[in-house]
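What follows is the residue order along each chain.
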Amino acid sequence: AQSVTQLDSQVPVFEEAPVELRCNYSSSVSVYLFWYVQYPNQGLQLLLKYLSGSTLVESINGFEAEFNKSQTSFHLRKPSVHISDTAEYFCALTSSSASKIIFGSGTRLSIRP
Amino acid sequence: NAGVMQNPRHLVRRRGQEARLRCSPMKGHSHVYWYRQLPEEGLKFMVYLQKENIIDESGMPKERFSAEFPKEGPSILRIQQVVRGDSAAYFCASSPRESANYGYTFGSGTRLTVV
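All figures in this text were calculated on a predicted structure; none of them were measured in a lab.

Asker: Quick question: what am I supposed to make of the layout of surface pockets here?
Answerer: The volume enclosed by the largest pocket comes to roughly 390 Å³. The set of elements that each furnish at least two residues to the lining of the largest pocket consists of β10 (87-94) and β12 (107-112) of chain A together with β9 (88-95) of chain B. Partitioned by chemical class, the residues of the lining of the largest pocket number eight nonpolar, four polar and five charged.

Here it is in structure tokens:
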């Protein structure tokens, strides 16, 4: 069975500080990994994804995530956060043989001015 | 190019009533997925449908819940005889192909409140 674990339910940080949101996964087959962002009262938006190739993937708004197969992790990072990054972030995975994407429980990122 | 459209955005039902949630996938997408988000929890998969077929319903509660995706019209998630525990946000997503590795496009959700 596949699973996704997000270790932190909430992460408070100060504006312009760096942040890391942790994600670990479990799977017996090769995986595809995603980070989705959910702003208040909205649906989920795809932030970035790892399918193959370079293990470091980037989004257009400064986030990046690194696929680490040995540690089964896909942590999300940003060197300097902005108030507008306040949202809930979901790590997710699927595989080539799977019919659905499995989501973690989410991490709520709150930015303090 | 409209995204995934869900309606209504908010739905209030009394215990014992029926709730019908609608989802129109993106143009060109024939695969629809329903997820439920309970307060303070992540998204839980409910069901995966293609036109006129249920492909995977492993996340659907055994009773009171059903889903369809007819040849014409939106996908419908139906909850009969709602109870307070059904209060949640229900999200629909669509994709253009069977493989999920390109990710989904999500709708804005329907927030169901059972009073």
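Asker: Where do I start with the interface of chain B and chain A in this structure?
Answerer: As a measure of interface size, the accessible area lost when the parts come together is often cited. Counting from both sides, the interface comprises 22 residues of chain B and, opposite them, 21 residues of chain A. Where chain B abuts chain A, roughly 1,700 Å² becomes buried across the two surfaces, and 52% of that area is made up of carbon and sulfur atoms. The interface formed by chain B and chain A contains one salt bridge. The tally of links from chain B across to chain A stands at six residue pairs in polar contact (both at pLDDT 80 or more). Within the residue set of the side of chain B that touches chain A, elements represented by two or more residues are β4 (31-37) and β5 (43-50) of chain B. Here the side of chain B that touches chain A is composed, by residue class, of 10 nonpolar, seven polar and five charged.

Asker: How should the state of the cysteines be read in this particular structure?
Answerer: Covalently bonding the sulfur atom of one cysteine to the sulfur atom of another cysteine gives a disulfide. Within this structure, the stated rule accounts for two disulfides over all chains. Between A:C23 and A:C91 runs a disulfide, and the two sulfur atoms are separated by 1.9 Å. Note on the A:C23 and A:C91 pair: the S-S dihedral is about -65°, so by sign convention the disulfide is left-handed. With a gap of 68 residues between them, A:C23 in the loop between β3 (19-21) and β4 (24-26) and A:C91 in strand β10 connect regions that are remote in the sequence. On the basis of relative accessibility, which here comes to 0%, the residue A:C23 falls in the buried class. Take A:C91: its relative accessible area is 0%, and that puts it in the buried class. The disulfide that involves B:C23 links it to B:C92, with 1.8 Å between the sulfurs.

Thresholds, definitions, all that
Residues numbered from 1 in each chain as written. Chains lettered and ligands numbered in written order. Predicted model: local features only at pLDDT ≥ 70, side-chain atom pairs only at ≥ 80, totals over all residues. Heavy atoms only, no water. 1 Å grid on protein atoms, 1.4 Å probe; cavity = no way out; pocket = protein on both sides within 12 Å on 5 of 7 lines; lining within 4 Å. Points joined across faces, edges and corners; volume = space filled by probe spheres on them. Helix = DSSP H or I, 4+ residues; strand = E, 2+ residues; numbered from the N terminus. Nonpolar A, V, L, I, M, F, W, Y, C, P; charged D, E, K, R; others polar. Contact = heavy atoms within 4.5 Å. Buried area = accessible area lost by both parts, 1.4 Å probe. Salt bridge = Lys/Arg side-chain N within 4 Å of Asp/Glu carboxyl O. Polar contact = N/O pair within 3.5 Å; in protein donor to acceptor, adjacent residues only side chain to side chain. Disulfide = S-S within 2.5 Å. Buried < 20%, exposed > 50% of the residue type's maximum accessible area, 1.4 Å probe, protein only.

Bear in mind that shape data such as this cannot, by itself, settle questions of function.
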